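Observations on the model geometry
Given next are the chains, with one letter for each unit.
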Amino acid sequence: MESPGMATRIRLAIGLLIAFGTLAAATSLSAHHSSAGYDMEHPLNLKGVVTNMEWGNPHVFIYMDIKDDSGNVEQWRVEGNSPNMLVRSGWKKEMIKTGDVLQINGAPAKNGSKVMRLLSVTLSNGQKYDGQGFK
Amino acid sequence: MPNRSFALVLLIAACFATSDAGAQNTPHPSPVKSRASAIHPDLSGVWFIDEYHRTILPKEDPPFQPWAKELLAKRDYDNTHHDPDIAIDPTERCIPPGTPRIMFQPFPWEIVNSRDRILIIFEYQSLLRQIFIDGRKHPDDLEPTYMGHSIGKFEGDTLVVDTVGFNDKTWLDPMGLPHSDAMHLTERIRRVDHDTLVDEYTIDDPKAYTQPWKASRTFKLKSDWQIKEYVCTENNTVK
């Protein structure tokens, strides 16, 4: 491919200015999660109903109602990787919706809170997707 | 935002550099031939860590200075007792991972040839690394940074990169491996075959380790991937 012309370069530079201006407007500096807080060695298999799906950076969150052994409904937050990495492993943004029943394989929080790091998800149609986007 | 402002200036400069920057808009058949690559081995392309590990240590622990060993043990304890909603690792607060950790994250990065530099565009936090290959030296008055100051030269098919000028605000890996502002990083980056890149890195940090130590990581070419936007601050639940 030949080098882009000056007009293309100027358009690219303007695009970058706009993109960074938008980024600078996001002032929150709250954290995202590493996997350090999750027990990656002892994953759980849980089945439940999606109550909310947040498709965003840095990580995707799936909120679910999951019944415990006594039949009580617990609210769980399931954390997947970034949208970019999930799409690269076959995910589509719209494939999980509120009300869907999912089979989750994930690493639970070490401190016992009802959050987990997603390792894989199986949809009600039987299709299985990686939750990390890498091996 | 100073780091992002800096990255913006660099990226805009890259728009006008003599390069094949336009090739980033489409998945490119690699290796891409450019005027820059005509004079040195072509490492360009989107690369992704072959096997991700949470540690960057070699099989045998390096010779820690006592404080560094104690700090790693403390961070290991904190990690083990970590509430996922409380940040411990600086990157959880969207602090840049710094070099070399940024190379080993499970996110792709792209090598782009330029006339006087090799640019590495990281998807993770949209960071940029520039490696000057025009023969310049490190400045005498370096301001400590996350990415450090990198100069490189080709020895045969190997890009040898020398990086100094680090701050001490980062962990070398998610386990909490410490370093100091005296860290001197040397990397030997080589394309061992068309689809495989190896980065052999040596860390010489006498404040943190009694001897230099080295290890390596392997990356695979992702010809059908493009670097996408990644925003660390968009969707967070951590207090």
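Residues numbered from 1 in each chain as written. Chains lettered and ligands numbered in written order. Predicted model: local features only at pLDDT ≥ 70, side-chain atom pairs only at ≥ 80, totals over all residues.

Observations regarding the overall build of chain B
Looking only at helices and strands, chain B features three helices and nine strands. Put simply, chain B runs from its N terminus to its C terminus through helices and strands in the order α-β-α-α-β-β-β-β-β-β-β-β. Counting across all 239 residues of chain B, residues that qualify as buried make up 41%. If you take every contact in chain B between residues at least 6 apart in sequence, the share linking residues at least 24 apart comes to 58%. (Helix = DSSP H or I, 4+ residues; strand = E, 2+ residues; numbered from the N terminus. Buried ≥ 20, exposed ≤ 12 C-beta atoms within 10 Å, placed from the backbone. Contact = placed C-beta atoms within 7 Å.)

Remarks on the environment of B:Arg93
Summarising the element assignment, B:Arg93 is placed in the loop between helix 2 (66-80) and helix 3 (101-104). In sequence terms B:Arg93 and B:Cys232 are 139 residues apart; their C-alpha atoms lie 8.5 Å from each other.

Overview of the pairing of strand 5 (residues 149-155) of chain B
Regular strands show a simple pattern: their side chains alternate between the two faces of the sheet. All names here are of chain B. One ladder, built from two bridges, connects strand 4 (residues 128-132) with strand 5; its direction is parallel. Following the sheet pairing, Ile131 is matched in strand 5 by Ser150. The sheet contact formed by strand 5 and strand 6 (residues 158-164) spans seven bridges and is antiparallel. Bridge assignment links Lys153 to a residue of strand 6, and that residue is Val160. Connecting the antiparallel pair strand 5 and strand 6 is a turn made up of two residues, with Gly156 showing a positive phi of about 65 degrees. (Pairing = 2+ DSSP bridges.)

Some words on the environment of B:Leu43
Residues and elements named next belong to chain B. The residue Leu43 is located in the loop between helix 1 (2-15) and strand 1 (45-49) in this model. Sequence separation between Leu43 and Val112 is 69 residues; the distance between their C-alpha atoms is 8.0 Å. If we skip the residues at most four places from it in the chain, Leu43 touches Ile111, Leu159, Ile189, Arg191 and Leu197.

Some remarks on the pairing of strand 1 of chain B
Residue and element names in this part refer to chain B. Along strand 1, four of the five residues are buried, which leaves the element largely enclosed by surrounding structure. The pairing of strand 1 with strand 2 (residues 109-113) spans three bridges and is classified as antiparallel. Pairing of Val46 across the sheet is with Glu110, part of strand 2. Here three bridges tie strand 1 to strand 9 (residues 213-221), and the two strands are oriented antiparallel to one another. Among the inter-strand pairings, Trp47 is bridged to a residue of strand 9, identified as Leu221.

Considering the sheet that holds strand 6 of chain B
Within a sheet, adjacent strands bond to each other through the backbone by hydrogen bonds, running parallel or antiparallel. All names here are of chain B. What the nine strands build is a closed barrel, ordered 1-2-3-4-5-6-7-8-9; its pairing is mixed. Adjacent strand axes in the sheet meet at a mean angle of 30 degrees, parallel and antiparallel pairs treated alike. Bridging between strand 8 (residues 196-204) and strand 9 involves eight bridges; their strand directions are antiparallel. Within the sheet, the bridge partner assigned to Tyr201 lies in strand 9 and is Ala215. (Axes fitted to C-alpha atoms, helices over the stretch in contact; angles between N-to-C directions.)

Quick word on unusual backbone geometry
In the segment running from A:Asn57 into A:Pro58, the intervening peptide bond is cis, with an omega of -5 degrees. Inspection of the secondary structure assignment puts A:Pro58 in the loop between strand 1 (44-54) and strand 2 (61-67). Of note, the bond from B:Thr99 into B:Pro100 is cis; its omega dihedral lies within 30 degrees of zero at 5 degrees. Within the fold, B:Pro100 resides in the loop between helix 2 and helix 3. Although it is not a glycine, B:Cys94 sits at a positive phi angle of roughly 70 degrees. Within the chain, B:Gln125 stands out as a residue other than glycine whose phi angle is a positive 60 degrees.

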